[in-house]
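What follows is each chain in one-letter form.
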Amino acid sequence: MTDAQETAAETTLRTTGGAPPDDLPSAPVPLLEPREGIPPVTADPDALAEVVAAFAAGRGPVAVDAERASGYRYGQRAYLVQLRRSGAGTALIDPVGCPDLSGLGDAIADAEWVLHAATQDLPCLRDIGMLPGRLFDTELAGRLAGFARVGLGAMVENILGYALEKGHSAVDWSTRPLPDPWLHYAALDVELLVDLRDALEEELARQGKLDWAHQEFAAIAAAPPAPPRKDPWRRTSGMHKVRRRRQMAVVRELWTARDKIAQRRDVSPGKVLGDAAIIEAALTLPTTVRALGALSGFGHRMGRRQLEQWQAAVDRARALPESELPQPGQPVAGPPPPRAWADKDPAAAARLSAARTAVTALAEQLNLPQENLIAPDTVRRLCWEPPAELTAESVKAVLHGYGARPWQIEQTTPILLTALGTAA
């Protein structure tokens, strides 16, 4: 970045005061360029050792980002990791050539990691041995600070006065070699991430929300890996059309067969067979390969052998005894859907209505999204089964039990207590 660019960025921060403007700057916004150019991709152990040494000797927070190949490859593994740190510059690392980055993770373990939308990248970083001890999430910070637009590009432009290059976010990052324009785009994602962090920290402190943010960041860093999803086939798009248990069995068999093929080929399941085709087969229950091939999604481009494997999955579902058919719905822990509350428990419905109104008003007053003030599921559970004795301490205990952070408990306990009491 040139001296003139740095001066422009400083001027932008001074004139906005770090506050969240609703509109983009009216003047032309300069396109961000990397300060030291695009580094070569690190793809072998020797080059990785140099990067590890450089980042271990660096100073201050470490900007971290990862690129996946969602929609192209099976799973959510990282295909490029970008880092930047003062004194070390920018590094682009190929996790295919360097699949174990635990040494790098250890080298920067004591530093604060700066990520944008951290929960999206942490699972794939964990898989290659990188996990922060502490972090700063610029997207979440933007939400807490009241920004209407919290995408990285919008925030860099609004706060720092630079436009990020667009157009490569949804490309196939498993491509090798990675084209130079893609690498240029990837490097820019960490170019100003620490600068953005500093500006957001200042704004959060000004609003009296910095401690709230630190609590949120600590919760993200300490969160364990998500457990495997139970019955993931139930999330097939269009599943709401499937009513009968035999049809559900067809969805389950086709989804499972597709997943095995996608994993073996290392391609996105949707490229093997679309969700719409699975639902169509489940609703139709074809009895022959010819009948299956006439359905939407099983068109002329699909060979006889492929059709036979899908028909075999349908046939397996058709042959299942009643006792082995899936149940209509998953057992749901916690309260039923709110739309059913008025019939099942009118008093609970009244509590929920009052609580939602109170949370909405407080979120507007604090200038942050309702879901960041308190998780909607936590509110539902509290309203469905409130403590026997309504006191501030009993409400706090319930909120804490559902994972609410101290700042959330402090802010919402008074209004929730009032809402529950008023509804009662």
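Every value quoted in this text rests on a predicted model; they were computed, and no experiment measured them. (Residues numbered from 1 in each chain as written. Predicted model: local features only at pLDDT ≥ 70, side-chain atom pairs only at ≥ 80, totals over all residues. Heavy atoms only, no water.)

1. Digging into the sheet that holds strand 3 (residues 78–86)
The sheet built from 6 strands is open, its strands ordered 1-4-3-2-5-6 with mixed pairing. Edge positions in the sheet fall to strand 1 (41–42) and strand 6 (134–137), since each has one partner strand and no second. Relative to strand 5 (residues 112–115), strand 2 (residues 59–68) runs parallel, the two sharing 2 bridges. Bridging from a neighbouring strand, V62 pairs with W113 of strand 5. Sitting on the sheet, helix 7 (residues 180–191) is in contact with strand 1, strand 2, strand 3 and strand 4 (89–93), with an inclination near 45° to strand 3. (Pairing = 2+ DSSP bridges. Helix = DSSP H or I, 4+ residues; strand = E, 2+ residues; numbered from the N terminus. Contact = heavy atoms within 4.5 Å. Axes fitted to C-alpha atoms, helices over the stretch in contact; angles between N-to-C directions.)

2. So, the UniProt feature "domain: HRDC" (unreviewed entry) in the chain
In this numbering, the UniProt entry assigns the feature "domain: HRDC" (unreviewed entry) to residues 244–324. Taken as a whole, residues 244–324 contains 69% helix and 0% strand, while its terminal C-alpha atoms sit 13 Å from one another. (UniProt positions renumbered as here; feature names shortened; annotations may be inferred.)

3. Brief notes about the packing of aromatic side chains
Across all of its chains, the model carries 5 aromatic pairs by this definition. Pairing W212 with W407 gives two aromatic rings, centres 4.5 Å apart and planes at 10°, and the pair type is stacked. Of this pair, W212 sits in helix 9 (residues 210–222) while W407 sits in helix 20 (residues 406–423), placing them 195 residues apart in sequence. Neither residue differs from the other here; W212 and W407 are each classed as buried. (Phe/Tyr/Trp six-rings, centres within 6.5 Å; stacked < 30°, edge-to-face > 60°. Buried < 20%, exposed > 50% of the residue type's maximum accessible area, 1.4 Å probe, protein only.)

4. Some details on helix 4 (residues 118–127)
For helix 4, the full list of buried residues reads A118, D121, L122, C124 and L125. Buried residues along helix 4 sit against strand 2, strand 3, strand 5, strand 6 and helix 9. Two residues or fewer after helix 4 comes G129, characterised by a positive phi angle close to 90°.

5. Let's talk about the pairing of strand 4
Burial of strand 4 is extensive: 5 of the 5 residues sit out of reach of the surface. Both strand 1 and strand 4 contribute to a ladder of 2 bridges, which runs parallel. Paired with T42 across the bridge in strand 4 is I93. Looking at chain direction, strand 3 and strand 4 are connected through 5 bridges and run antiparallel. Directly across from Q82, in strand 4, lies its bridge partner L92. Linking strand 3 back to strand 4 in an antiparallel pair, the connection comprises 2 residues, with G87 at a positive phi of about 90°.

6. Brief notes about the pattern of salt bridges
For the structure shown, the criterion picks out 22 salt bridges. D94 is the partner of R176 in a salt bridge, and the nearest nitrogen-oxygen pair spans 2.7 Å. Taken together, the residues R176 in the loop between helix 6 (152–160) and helix 7 and D94 in the loop between strand 4 and helix 3 (102–107) connect sequence positions 82 residues apart. Among the residues examined, R176 registers a relative accessible area of 34% and is labelled partly exposed. In this structure D94 comes out as buried when scored by relative accessible area, which is 9%. One salt bridge in this structure joins R197 and D198, with 3.1 Å as the shortest N-O distance. D198 gets classed as partly exposed once you look at its relative accessible area, which sits at 38%. (Salt bridge = Lys/Arg side-chain N within 4 Å of Asp/Glu carboxyl O.)

7. Looking at the environment of G334
Topologically, G334 is positioned in the loop between helix 14 (304–319) and helix 15 (341–344). Considering only alpha carbons, one finds G334 and T418, 84 residues apart in sequence, at a separation of 23 Å.

8. Thoughts on the layout of surface pockets
Taken as a whole, the largest pocket holds about 1,500 Å³ of empty space. In terms of lining residues, the largest pocket is bounded by 46 residues, among which Q76, T119, P123, A226 and R229 are the most central. Secondary structure elements with two or more residues in the lining of the largest pocket: helix 4, helix 5 (138–145), helix 9, helix 10 (245–265) and helix 17 (370–373). Here the residues of the lining of the largest pocket sort into 20 nonpolar, 11 polar and 15 charged. By volume, the second largest pocket amounts to about 550 Å³. In terms of lining residues, the second largest pocket is bounded by 25 residues, among which D65, E67, S169, Y185 and D189 are the most central. Secondary-structure elements contributing two or more residues to the lining of the second largest pocket are strand 2, helix 4, helix 6 and helix 7. Per-element tally for the lining of the second largest pocket: the top contributor is strand 2, with 5 residues. A class-by-class count of the residues in the lining of the second largest pocket yields 10 nonpolar, 7 polar and 8 charged. (1 Å grid on protein atoms, 1.4 Å probe; cavity = no way out; pocket = protein on both sides within 12 Å on 5 of 7 lines; lining within 4 Å. Points joined across faces, edges and corners; volume = space filled by probe spheres on them. Nonpolar A, V, L, I, M, F, W, Y, C, P; charged D, E, K, R; others polar.)

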